[in-house]
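Read off the chains here:
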Amino acid sequence: MRLSRYFLPVLKETPADAQIVSHRLMLRAGMIKQMSAGIYAWLPLGFKMLRKIENIVHEEQIRAGHIPVLMPTLQSAELWRESGRYDGYGEEMLRMQDRHGRDMLFSPTAEEMFTDTFRSYVKSYKDLPLTIYQIQWKFRDEIRPRFGVMRGREFLMKDGYNFDLTKEDALHAYNRHLVSYLRTYERMGLQAIPMRAESGPIGGDNTHEFLVLAETGESGVFYDSEITDLKFGDRAVDYDDVEQCQGVLEEFTSRYARTDDTHDQAVFEAQVPDERRREARGIEVGQIFYFGTKYSEPMGATVTDAEGNKVPVHMGSHGIGVSRLLGALIEANHDENGIIWPEGVTPFHVGIVNLKQGDAAADGACEDLYKALEARGLEPLYDDRNERAGGKFATMDLIGLPWRITVGPRGLKNGVVELTSRRTGESEELTPELAVARVAEIYAGL
Ligand code: ATP
Ligand code: MG
């Protein structure tokens with residue numbers, strides 16, 4: 001992409017009403033525009049990042065054997081009356097009527113719709129296990145939308161639903177989700193802590209939240225200082241292997257405790273020596289639930305088991321806050337000059353800054369770099385505007401591309417360009433060919 005032809009409405013001023021850094025930076029970097037309280041337009045850079053996050057979530061869900069579908073955002077109230085949640089859900093549900101006076105709602109979550117779909121088609125235990133999921137907009141009329149996309153009213157969520165014959169099978173589905181989530185967040189360069197939690201209006205007694213550590217997080221957490229060494233890495237997990245998934249769960253979940261849960265604290269203190277205990281705050285970027293037959297029973301989602309009996313299926317639901325993750329990523333990756341995207345999720349792989357637009361040698365070298373990077377399957381953002389170098393650097397720093405290649409007449413005389421890391425600020429002079437090769441090497445396998 002050439003910046004002169006892109007739509008990147010960066011702001012010079014710091015928006016006054018944005019309280020946390022990720023919200024400020026998303027506005028300043030021209031990623032989002034608030035349309036009304038808690039409702040945002042996704043501008044090109046923000047939309048691109050949303051898609052990148054979505055792609056990682058899809059890839060990891062599919063790897064775990066889960067099947068993508070898409071449900072409508074508007075639902076009939078009927079299904080919610082069947083499950084018994086329509087009246088109880090409260091003010092967060094946006095309710096409306098169509099022209100015939102039928103009660104409708106904007107989906108805040110979709111247990112009912114998935115359960116209804118399941119019961120319409122699946123009749124036999126032989127068709128289990130089954131996990132279907134979607135990445136779709138949700139609406140919750142939050143009393144206090146704030147922190148930008150972190151607590152919006154309209155937000156993008158991955159929500160998945162497992163259907164299993166037995167509790168044991170459904171608990172495996174739960175563990176499988178936990179493992180796939182660990183891998184998902186780690187691919188985004190995030191350390192997400194899986195912590196036992198309260199279930200709230202979704203119901204059920206098994207639930208874990210995933211927290212990304214950040215000062216602005218809303219949940220308190222005790223953690224083991226050694227967790228930074230605990231990586232999912234590229235271990236080969238067989239998602240059908242019950243013992244392996246259980247093992248990963250145990251390895252990852254014993255190192256933390258909620259600051260408001262004395263039982264968890266006792267377990268944590270028994271496992272983690274005093275000098276390694278730390279207290280912090282976390283942003284909830286996902287949650288998984290096992291809730292048994294809470295929906296399948298009232299809604300009649302049954303299958304015939306091997307003995308010919310009709311039994312309600314065991315279910316769980318599993319959410320990832322896709323749009324909130326953008327905020328969490330920025331909270332975890334920024335400095336005073338702007339965002340610092342991790343290589344695993346960045347809107348463009350590398351920026352090209354032309355120090356002297358209009359200089360034949362500099363323009364030519366930038367064009368060549370651009371083409372060579374694209375030929376390697378990389379997406380560069382070329383700042384080809386007729387602007388001063390300082391302004392170009394400030395924009396690149398603000399939007400946070402992990403790598404920048406700076407091209408100027410002086411370097412070109414010696415046959416070199418400069419490759420700079422956004423994270424460390426370190427620069428290296430290289431021939432253009434080597435710079436391209438270096439960038440390709442960095443992104444190989446990501
Ligand atoms: P919270 O406690 O933050 O209100 P929740 O527990 O009600 O969230 P879930 O039902 O668990 O939310 O939804 C799954 C995920 O969707 C959450 O882990 C979170 O990442 C995301 N999410 C929930 N509410 C919002 C919101 N208002 N804005 C953005 N993302 C949200
Ligand atoms: Mg939650």
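About the thresholds
- Residues numbered from 1 in each chain as written.
- Chains lettered and ligands numbered in written order.
- Predicted model: local features only at pLDDT ≥ 70, side-chain atom pairs only at ≥ 80, totals over all residues.
- Heavy atoms only, no water.
- Near = heavy atom within 4 Å.
- Polar contact = N/O pair within 3.5 Å; in protein donor to acceptor, adjacent residues only side chain to side chain.
- Areas by Shrake-Rupley, 256 points an atom, 1.4 Å probe, with all protein chains shown as cover.
- Helix = DSSP H or I, 4+ residues; strand = E, 2+ residues; numbered from the N terminus.
- Nonpolar A, V, L, I, M, F, W, Y, C, P; charged D, E, K, R; others polar.
- Donors = N, O, S within 2.8 Å, 3.2 Å for Na, K, Ca; no water.
- Buried < 20%, exposed > 50% of the residue type's maximum accessible area, 1.4 Å probe, protein only.
- Salt bridge = Lys/Arg side-chain N within 4 Å of Asp/Glu carboxyl O.
- Domains from an automatic or database assignment.
- Contact = heavy atoms within 4.5 Å.
- Buried area = accessible area lost by both parts, 1.4 Å probe.
- Axes fitted to C-alpha atoms, helices over the stretch in contact; angles between N-to-C directions.
- Parallel < 35°, antiparallel > 145°, perpendicular 65-115°, else oblique.
- Left-handed = near helix turned anticlockwise from the far one by under 90°.
- Expected span 1.5 Å × (residues − 1).

**Structural notes on the site of ligand 1**
Okay, step 1: Around ligand 1 lies a shell of 14 residues, among which R140, E142, R151, G152 and E284 are the nearest.
Okay, step 2: Between an oxygen atom of ligand 1 and a main-chain N or O atom of G286, the distance comes to 3.2 Å.
Okay, step 3: Measuring from an oxygen atom of ligand 1, one finds a side-chain N or O atom of R324 at 3.0 Å.
Okay, step 4: Within the complex, the protein chains bury 84% of what would otherwise be the 580 Å² of accessible surface of ligand 1.
Okay, step 5: Of all the secondary structure elements, the ones that give two or more residues to the shell around ligand 1 are β8 (154-164) and β13 (277-292).
Okay, step 6: The greatest single-element share of the shell around ligand 1, amounting to 4 residues, is contributed by β13.
Okay, step 7: Its residues assigned to classes, the shell around ligand 1 comprises 5 nonpolar, 4 polar and 5 charged.

**Observations regarding the coordination of the magnesium ion (ligand 2)**
Okay, step 1: Listed as protein donors to the magnesium ion (ligand 2) are E284 (OE) and Q287 (OE1); their distances from the metal cover 1.9 to 2.1 Å.
Okay, step 2: You can call E284 partly exposed: its relative accessible area is 25%.
Okay, step 3: Residue Q287 is classed as buried on the basis of its relative accessible area of 12%.

**Looking at unusual backbone geometry**
Okay, step 1: Cis geometry marks the peptide bond from L128 to P129, where omega comes out at 0 degrees.
Okay, step 2: Note that P129 resides in the loop between α4 (111-121) and β7 (130-139).
Okay, step 3: Positive phi is not limited to glycine here, since F147 has a value of about 60 degrees.
Okay, step 4: One can find F147 in the loop between β7 and β8.
Okay, step 5: Among the residues examined, F147 registers a relative accessible area of 14% and is labelled buried.

**Topic: the pattern of salt bridges**
Okay, step 1: Tallied over the full model, the rule gives 27 salt bridges.
Okay, step 2: A salt bridge links E54 to R51, with the shortest nitrogen-to-oxygen separation between them at 3.2 Å. Of this pair, E54 and R51 both sit in helix α2 (residues 44-63), 3 residues apart, which is roughly one turn of that helix.
Okay, step 3: The buried category is assigned to E54, whose relative accessible area is 12%.

**Focus: the domain arrangement of the chain**
Many descriptions give the size of an interface as the accessible area lost when the pieces come together.
Okay, step 1: Split into domains, the chain comes out as domain 1 (3-339) and domain 2 (350-444).
Okay, step 2: Every contact between the two is made by 16 residues of domain 1 and, on the other side, 13 residues of domain 2.
Okay, step 3: Both sides together, the interface formed by domain 1 and domain 2 hides about 1,200 Å², and carbon and sulfur atoms give 56% of it.
Okay, step 4: The three residues of domain 1 that bury the most area against domain 2 are L3, N337 and I339, which together make up 44% of that side's buried surface.
Okay, step 5: Across the pair E379 and K48 runs a salt bridge, and its minimum N-O distance is 2.9 Å.
Okay, step 6: Here domain 1 and domain 2 share 9 residue pairs in polar contact (both at pLDDT 80 or more) between them.
Okay, step 7: Sorting the residues of the side of domain 1 that touches domain 2 by element identifies α1 (21-28), α2 and β18 (338-339) as the ones contributing at least two each.
Okay, step 8: The greatest single-element share of the side of domain 1 that touches domain 2, amounting to 3 residues, is contributed by α2.
Okay, step 9: A breakdown of the residues in the side of domain 1 that touches domain 2 according to their chemical character gives 8 nonpolar, 4 polar and 4 charged.

**What to know about the packing of helix α10 (residues 360-375) against helix α13 (residues 432-443)**
Okay, step 1: At their nearest, the axes of α10 and α13 sit 10 Å apart, and the two run at 30 degrees to each other. Judged on the interaxial angle alone, α13 and α10 are roughly parallel. In this structure, α10 crosses over α13, and the sense of that crossing is right-handed. Taking contact as the criterion, the partners of L369, A372 and L373 in α10 are, on α13, P432, V436 and V439.
Okay, step 2: Residues belonging to the contact of α10 with α13 are distributed by class as follows: 6 nonpolar, no polar and no charged.

**A word on helix α6 (residues 242-253)**
Okay, step 1: If you check α6, its first and last C-alpha atoms are 16 Å apart, about what 12 residues at 1.5 Å a residue would give, namely 16 Å.
Okay, step 2: By the N-cap criterion, in which a side-chain oxygen at the helix start approaches the backbone nitrogen of a residue two or three places on, α6 is capped by D241, the distance to E243 being 3.2 Å.

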